[in-house]
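Per-entry structural report
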Amino acid sequence: MPSHLFADRPAPQPPRRDSVDELISQTRRLRGDVDAVRRDAVVDDDDPQGRWERALCDLAVHQLDDLRTHLGQLKEGLPALPEPGGPAEEADEQARYENPPLHPDSLLSRVGSAEWNLLTDEVSWSEELHQIFGRPTAADPMTLDELPSVVFAEDQGLLTEMVTDCLVDGKPIDGEFRIVRSDGRVRTLHMMGEPVLDADGCTAAMWAVLRDVSELRRSQRAVRESQDTLTRRQHIDRTERRVATEMHEAVLPPWRGGRSLPGNGPAALDLAGQHLPSPSGALMASQWFDALELPGGRALLSVGDLTGHGAATTSTMAMLMGALRALAVAGIPPGPLMGHLNVLLDSSAQPTLGSTVCCHYDPATRVLSWAQAGHPAPLLFRGGTGHPLPQPDGVLLGATAGGAYEQHEIGLLPGDVLVLHTDGLTRGTGAAHDGTGHDRLLALAPGLTVARSAQDCVRLIVEEFDRGERQHDASLMVVRVAR
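Now for a look at the structure at hand. Just so it is clear, the structure is predicted and the values come from calculations on it, not from any experiment.

1. Looking at the overall build of the chain
Across its full length, the chain carries 11 helices and 16 strands. Residue pairs at least 24 apart in sequence account for 64% of intrachain contacts in the chain once pairs closer than 6 positions are excluded. Of the roughly 25000 Å² that the chain leaves accessible, carbon and sulfur atoms contribute 54%.

What follows is the structure, encoded as structure tokens:
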């Protein structure tokens, strides 16, 4: 049977030494750059993307090490065989001692060769192949019939098929299988080989090169698994974000452009609200603003925020808003109402902290009663100036059982403007005691006090803080007393 080995093809040319030296230098520089990226990578067990990036870096470093080793062997050329027992053999043994084989964790590990002579039944294995199989160098090499005994049962069929195709049909061998060494270690081998034909074109022998690719496959598997984990995490995050966004939109009041409470009387409140996403586009879905007409013509006003994000936090926010509305409808004043919300959040199955401000407005007396729980005080704008209302005591909801909440009252005048917001609006860069956002908001007093509607006030505030250094999402509600 004619073989592809006899096909005409140009003789391979040996590489130029200077070109190999340049490739080795480039590989060394690239390896250093990749290793620097790997060292700088922060690995967090809870960060699937970080684990995936680190696994890719590890694989790249290993492969570059192997490439440099290959190029070094290419540069040195094929070593001359020493005379048995001669000084060259002793020098070779000394070199082998001073330059031990590649570390088992190298992706290359070892490459060994073998030849099976079908005419004489002779078998020859290189020393490296004995080491790959975990066999003593003095041990007899394994015949083709003995080889499957150390191969995984699941891979024995593949090995038999490759060998049969090579010996019978003259096909080259190129495949992988797993073996169990005598020390119990499992290794994955990549086998490449071809038949050796006699003068009549019949198969006389088979040679093969076997490479231990266990660490290479382990590194590739680590990359694949970390990428799968990252993909699943991203899918979960997208789904959770979508659900949280839908829940958040369903919970927030349907009005955004403007609303009048209670009714349209002479002391009615003109309301407008808006949620401002963070500049990065991340939606925490844990903040709210709300207004509700209460029995007797009074009005409920509230703005708040919860720690955390995602669907679970949005669900807790919906529960808290529902409880706040129910307690307000039942006629409970803001101070005691905050105490009830604290008990509710403190006993919640999911630990969460909340900050909120709750106001009751009586149009008959134009008196605003309010309490807060670890939340920025409402800002009152009157006569071209603005200032925060004196803040009653109140700790974060869920922070401590039995927390007490003070209640303050203030009389409002026609044309007064109240701004209720979460701290994400004025937090700025997030630095401690950063009051620049608060000062910028108060500096809008001249424009806010002459604005024609609450909606115009919201536009003015959004224009100012959408072009600033705000890094967080925020909820905002403007309350304007009718003139």
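2. Details of the pairing of strand β12 (residues 379-382)
As defined by bridge partners, β12 adjoins strand β13 (residues 385-388) across 4 bridges and the pair is classed as antiparallel. Counted as the bridge partner of Arg 382 is Thr 385 from β13. In textbook terms, the turn of a hairpin is the stretch between consecutive antiparallel strands, and for β12 and β13 this stretch comprises 2 residues, one of which, Gly 383, has a positive phi near 60°. As paired elements, β12 and strand β15 (residues 417-421) share 3 bridges and run antiparallel to each other.

3. Some remarks on the sheet that holds strand β10 (residues 354-362)
Spatially, 5 strands are ordered β8-β9-β10-β11-β14 in an open sheet, and the strand pairing comes out antiparallel. Looking at which strands have only one partner, the edges of the open sheet turn out to be β8 (287-293) and β14 (408-411). The average undirected angle you get between the axes of adjacent strands in this sheet is 15°. One ladder, built from 4 bridges, connects strand β11 (residues 367-373) with β14; its direction is antiparallel. Opposite Val 367, over in β14, you have Gly 411 as the bridge partner. Sheet strands touched by helix α7 (residues 311-329): β8, β9 (299-306) and β10. Its angle to β8, the strand with the most contacts, is close to 25°.

4. Observations concerning the sheet that holds strand β3 (residues 173-180)
Strand order in the open sheet formed by 5 strands is β2-β1-β5-β4-β3, with antiparallel pairing between adjacent strands. The open sheet is flanked by β2 (123-125) and β3, the only strands paired with a single partner. Between one strand axis and the next, the sheet turns through 20° on average, direction left out of account. Note: strand β1 (residues 111-117) against strand β5 (residues 203-212), 7 bridges, orientation antiparallel. Residue pairing across strands places Asn 117 opposite Ala 205, the latter belonging to β5.

Analysis parameters
Residues numbered from 1 in each chain as written. Predicted model: local features only at pLDDT ≥ 70, side-chain atom pairs only at ≥ 80, totals over all residues. Heavy atoms only, no water. Helix = DSSP H or I, 4+ residues; strand = E, 2+ residues; numbered from the N terminus. Contact = heavy atoms within 4.5 Å. Areas by Shrake-Rupley, 256 points an atom, 1.4 Å probe, with all protein chains shown as cover. Pairing = 2+ DSSP bridges. Axes fitted to C-alpha atoms, helices over the stretch in contact; angles between N-to-C directions.

Interpretation in functional terms is not warranted from these geometric data alone.
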